[in-house]
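Structure at a glance
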Amino acid sequence: MTQSANRRIVVLSGPSGSGKTTIVKRLTEDSPVALIKSVSATTRPPRPGELDGDDYWFLGTEEFRTRLDAGEFIEHAEVFSSGFLYGTLWSELNRAWSVGGWAFLEIDVEGALRVVQQYPEAVTIFLQTPSSAEFERRLRARGTESEEVIQRRVATAEQELKQADRYRYTVVNDRLETAVSEICEILKAEEKNYNAQ
Ligand code: 5GP
C-alpha cells in the first residue's frame, strides 16, 4: 500500500445554492466509503443554529491568523471577497486518516486547487446547479442572505463554474437522489482504485 492510500481526500465544491449542504449530509450518512467530514475554520460569525466544532470552528481573525502563521492549515482562502477567512486544518485531515477514513472537504474552488497542488490524487468533485437562474432561486429561497451578498455569490458562482473543468468529476444536482448516487458510484470506484494500488 502506498503512503497516499492512507491519506485519502475527497473535495466537493460548488456554488452555495447548489444543494451542497444537503448532499454533504446525505453522503456522510450513506456513503459506501468511510467519509469523515472536515470541519473548516472560519472567521465568519455563526448563522442561527450553527454550532462551533460541528458546522465550523468559529475563530476570531487574530486567532485564525496566528494559527495560519503556525502552519496549521493545508489551505485557506478569503471567500466571496467578504473579508471572512475560511480554511482547512491539518488536524481535521489527521482526524479522518487516523481512523482509516477519507477526509471529506467541502471547500471553495481556490482552496480545492491548493489541496490538489499538495495531493494530486485527491478526488475532486464539482457540484453544479442545473442553471444559474436556478442557483439564484435556491439562494433566495434560503432567505439567510442580503441582496448584496446574493449578488456577490451569484457572481462568484459564475466565476467558479468556469473552473469546473479543473475538477476530476462534475455532478449536476438536478435531482438530489441522482446526484447522491452518482457521487457514491464515483467514491466506490475511487476506493477500488486506491485499494488496487
Ligand atoms: P458559508 O459561509 O456559506 O458556510 O460558506 C461559504 C463558502 O466557503 C462555501 O463555498 C464553502 O465551500 C467555502 N468554504 C467552507 N470552508 C472552507 C475552507 O475550509 N476552505 C475554503 N477554501 N473554502 C471553504
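Model, not experiment: these values are computed from the prediction.

1. What about the site of the ligand?
Close to the ligand lie 17 residues; Ser40, Arg44, Tyr56, Tyr86 and Asp108 are nearest. In this structure, an oxygen atom belonging to the ligand sits 3.3 Å away from a side-chain N or O atom of Thr88. Notes on the ligand: free accessible area 510 Å², of which the protein chains cover 95%. At the level of elements, β5 (73-79) and β6 (84-89) are the ones that each hand at least two residues to the shell around the ligand. Along the lines of polarity and charge, the residues of the shell around the ligand split into six nonpolar, four polar and seven charged.

2. Let's talk about the packing of aromatic side chains
Scanning the entire structure with this criterion turns up six aromatic pairs. One aromatic cluster is present, built from ring pairs that chain together Tyr56, Phe58 and Tyr86.

3. Here's the deal with the packing of helix α1 (residues 20-30) against helix α7 (residues 176-196)
In the contact formed by α1 and α7, the axes pass within 10 Å of each other and the chain directions differ by 50°. Relative to α7, the element α1 lies oblique. Between α1 and α7 the crossing geometry is right-handed. Each of Thr22, Ile23, Arg26, Leu27 and Asp30 in α1 lies in contact with α7, whose residues at this interface are Leu176, Glu177, Ala179, Val180, Ile183 and Cys184. The residue makeup of the contact of α1 with α7, split by class, is seven nonpolar, one polar and three charged.

4. Focus on α7
Given a rise of 1.5 Å per residue, 21 residues ought to cover 30 Å, and the 30 Å separating the end C-alpha atoms of α7 matches this to within 8%. Every buried residue of α7 is listed here: Ala179, Val180, Ile183, Cys184, Ile186, Leu187, Glu190, Glu191 and Tyr194. Seen end-on, α7 carries its buried residues on one side only, within an arc spanning 165°. Facing away from the buried surface of α7 by more than 90 degrees, the exposed residues are Lys192 and Ala196. Looking at the buried side of α7, the elements it contacts are β1 (9-13), α1, β2 (35-37), β7 (102-106), β8 (123-128) and β9 (169-172).

5. Things to note about the sheet that holds strand β3 (residues 41-42)
Reading across from one edge, β4-β3-β6-β5 is the order of the four strands in this open sheet, with mixed pairing throughout. In this open sheet, the two edge strands, each paired with only one partner strand, are β4 (57-58) and β5. Pairing geometry for β5 and β6, over six bridges, is antiparallel. For Val79, the partnering residue across the bridge sits in β6 and is Phe84. Helix-sheet contacts for helix α2 (residues 61-69) involve β3, β5 and β6, and the interaxial angle to β6 is about 40°.

Each value, and the rule that gives it
- Residues numbered from 1 in each chain as written.
- Predicted model: local features only at pLDDT ≥ 70, side-chain atom pairs only at ≥ 80, totals over all residues.
- Heavy atoms only, no water.
- Near = heavy atom within 4 Å.
- Polar contact = N/O pair within 3.5 Å; in protein donor to acceptor, adjacent residues only side chain to side chain.
- Areas by Shrake-Rupley, 256 points an atom, 1.4 Å probe, with all protein chains shown as cover.
- Helix = DSSP H or I, 4+ residues; strand = E, 2+ residues; numbered from the N terminus.
- Nonpolar A, V, L, I, M, F, W, Y, C, P; charged D, E, K, R; others polar.
- Phe/Tyr/Trp six-rings, centres within 6.5 Å; stacked < 30°, edge-to-face > 60°.
- Axes fitted to C-alpha atoms, helices over the stretch in contact; angles between N-to-C directions.
- Parallel < 35°, antiparallel > 145°, perpendicular 65-115°, else oblique.
- Left-handed = near helix turned anticlockwise from the far one by under 90°.
- Contact = heavy atoms within 4.5 Å.
- Expected span 1.5 Å × (residues − 1).
- Buried < 20%, exposed > 50% of the residue type's maximum accessible area, 1.4 Å probe, protein only.
- Arc of directions from axis to C-beta.
- Pairing = 2+ DSSP bridges.

Interpretation in functional terms is not warranted from these geometric data alone.
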